[in-house]
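Fold and contact review
Next come the chains, spelled out residue by residue.
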Amino acid sequence: MNTQLLEGVSGIERAAELLAAGQVVALPTETVYGLAGHALDPEAAARIFEAKERPYFDPLIVHLPSLDWLDRLTDAAGDSLVQALIRQYWPGPLTLVLPRRSIVPDIVTAGLDTVAVRMSAHPLFRAVLSRFGKPVAAPSANRFGRISPTAAAHVIEELDGRIPLILDGGPCALGVESTIVAPRDGALCLLRAGPVTAGELAAHAPILAPPSGSTIQAPGQLRSHYAPRTPFRLLSSAAESDTYEGPGRAGLLAWSRSVRPAQFAAMEVLTPRDDPREAAARLFAAMRRLDSLGLELIVAEPPPPSGLGVAIMDRLRKAAAPR
Ligand code: TXA
Ligand code: MG
């Protein structure tokens, strides 16, 4: 299959056409690029799993074209906590896991009795959805277990030849995937850290850590995720890179330092101005660049452990997890 790269109005029109024909297309969101397909068409959803080589036990996020879809897809539209969260954060990088209605195909929810829903704030994504008029299922547009794409070029690296269209909207503003929460008995279970922080959500309800144990709450919370091909190690402090003595040719994924310690063959700096927003927006692209250098090891400095640093830390831990 030939993968087309389009921008602007012609790209929006073509994307909506392909979605209506049951095909999958890569679209920019404010977090990362998504691989979208008609959420209510099980065959379109199956094409998403196929292109990503994603296991069928890992459910997809459904993106709504408008608020009235919430009540059609879920059983929680009247919930006051849900309403308050939507008022404050939609459209935006917050995904809600809610009891689902039967209209949502099993393949989308991996057979769970809940569905993850969100509404993207990206103007191109919204334009495609308003033309198409139906919800789309859209996981990140990478092959399963790989680094999420934050630019159209990353989607080409991941899915060239497997999908008909990539809509190019430039680099994603936020750079890490949406925060995922499941409202439960008046509290919020935090399933994935993201741009909306636990501190912000705590203004609405008590925050619970995801229940550990055998039931997989979010199968995508698999320990190894966002993985570069190069072995990846997370340091316990930024100062550790000064004295680091590793074997082989190593690259440093630095937080904000300006001078590369001599023992590293390459360095990417996430945020010269020590700003977690800047770091999040650059994280996955920097990981990809280091991953392309044929290094023997990538060593990462940890972010500050609060605010958006928590989401960045989560992605670094997953990249460093045993595969
Ligand atoms: O920012 C984002 O959320 C991006 C953009 C494209 O919207 N999407 C994204 O999708 O990150 P994905 O598939 O890469 O991650 C979705 C996560 C997975 O960890 C999945 O297991 C979880 O959401 N998830 C989906 N449905 C769920 C459900 N019913 N219960 C619990 N977790 C769910
Ligand atoms: Mg993903």
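Residues numbered from 1 in each chain as written. Chains lettered and ligands numbered in written order. Predicted model: local features only at pLDDT ≥ 70, side-chain atom pairs only at ≥ 80, totals over all residues. Heavy atoms only, no water.

1. With respect to the overall build of the protein
Summing up its helical and strand segments, the protein has 11 helices and 15 strands in all. Taking 2.2 N^0.38 as the reference for a compact globule, 323 residues should give roughly 20 Å; the C-alpha atoms of the protein span a radius of gyration of 19 Å, in line with that estimate. Projecting the C-alpha coordinates of the protein onto the three principal axes gives extents of approximately 55 × 50 × 35 Å. Among the 323 residues that make up the protein, the fraction classed as buried is 56%. In the protein, the proportion of contacts linking residues at least 24 apart, taken out of those at least 6 apart, comes to 67%. Charge separation in the protein, taken as the distance between the mean sites of 32 positive and 33 negative side-chain charges, equals 1 Å. (Helix = DSSP H or I, 4+ residues; strand = E, 2+ residues; numbered from the N terminus. Rg over C-alpha atoms; globule rule 2.2 N^0.38 Å. Buried < 20%, exposed > 50% of the residue type's maximum accessible area, 1.4 Å probe, protein only. Contact = heavy atoms within 4.5 Å. Lys, Arg positive; Asp, Glu negative; His and termini not counted. Charge placed at Lys NZ, Arg CZ, Asp CG, Glu CD.)

2. Brief notes about the sheet that holds strand β11 (residues 207-208)
Taken together, 11 strands build an open sheet; the order of strands is β1-β8-β2-β3-β7-β4-β6-β5-β9-β10-β11 and the sheet is mixed. This sheet does not close on itself; its edge strands, each paired only once, are β1 (4-6) and β11. Of the strands in this sheet, β3 (34-38) and β7 (136-137) are in contact with helix α2 (residues 42-52), which crosses β3 at around 155 degrees. (Pairing = 2+ DSSP bridges. Axes fitted to C-alpha atoms, helices over the stretch in contact; angles between N-to-C directions.)

3. So, the sheet that holds strand β14 (residues 266-269)
Overall, parallel pairing links the 4 strands, which are arranged β12-β15-β13-β14 in an open sheet. The sheet is open, and its two edges are formed by β12 (232-234) and β14, each paired on a single side. Ignoring strand direction, the axes of neighbouring strands in this sheet form an average angle of 20 degrees. Relative to β14, strand β13 (residues 250-254) runs parallel, the two being bridged by 4 bridges. Each residue of the ladder has a partner; that of G251, found in β14, is A266. Packing of helix α11 (residues 309-320) onto the sheet brings it into contact with β12, β13 and β15 (297-300), and relative to β12 it is tilted by some 135 degrees.

4. Focus: the pairing of strand β6 (residues 114-118)
For β6, a buried count of 4 out of 5 residues is recorded, marking the element as mostly surrounded by other parts of the structure. Of the strand pairs in this sheet, strand β4 (residues 61-63) and β6 are connected by 3 bridges, and their pairing is parallel. Each residue of the ladder has a partner; that of H63, found in β6, is R118. In this sheet, β6 lies alongside strand β5 (residues 94-99) in antiparallel orientation, the contact comprising 4 bridges. Bridging from a neighbouring strand, L98 pairs with V115 of β6.

5. Digging into the pattern of salt bridges
It is possible for side chains bearing opposite charge to pair when their charged atoms get close. Within this structure, the stated rule accounts for 24 salt bridges. The shortest N-O distance in the salt bridge between E30 and R118 comes to 3.2 Å. In this pair, E30 is assigned in the loop between β2 (25-27) and β3 and R118 in strand β6, connecting sequence segments 88 residues apart. Like R118, E30 is buried. By sharing partners, the salt bridges in this structure join R143, R146, E157, E158, R288 and D291 into a single network. (Salt bridge = Lys/Arg side-chain N within 4 Å of Asp/Glu carboxyl O.)

6. Some remarks on the packing of helix α10 (residues 276-291) against α11
Where α10 contacts α11, the axes come no closer than 9 Å and their chain directions differ by 20 degrees. One way to sum up the angle between α10 and α11 is to call them roughly parallel. Relative to α11, α10 is oriented so that their crossing is left-handed. Facing P276, A279, A280, L283, F284 and M287 of α10, the residues of α11 in contact are G309, I312, R315, L316 and A319. Residue composition of the contact of α10 with α11, grouped by class: 9 nonpolar, 1 polar and 1 charged. (Parallel < 35°, antiparallel > 145°, perpendicular 65-115°, else oblique. Left-handed = near helix turned anticlockwise from the far one by under 90°. Nonpolar A, V, L, I, M, F, W, Y, C, P; charged D, E, K, R; others polar.)

7. Describing the packing of helix α1 (residues 8-20) against helix α6 (residues 123-132)
Following both chains from N to C, one finds α1 and α6 inclined at 50 degrees, their axes separated by 9 Å at the closest point. Classed by the angle they form, the pair α1 and α6 counts as oblique. Between α1 and α6 the crossing geometry is right-handed. For the pair α1 and α6, contact is made by I12, E13, A15, A16, L19 and A20 and by L124, A127, V128, R131 and F132, respectively. Per-class residue counts for the contact of α1 with α6 are 9 nonpolar, no polar and 2 charged.

The analysis is restricted to geometry; functional conclusions fall outside its scope.
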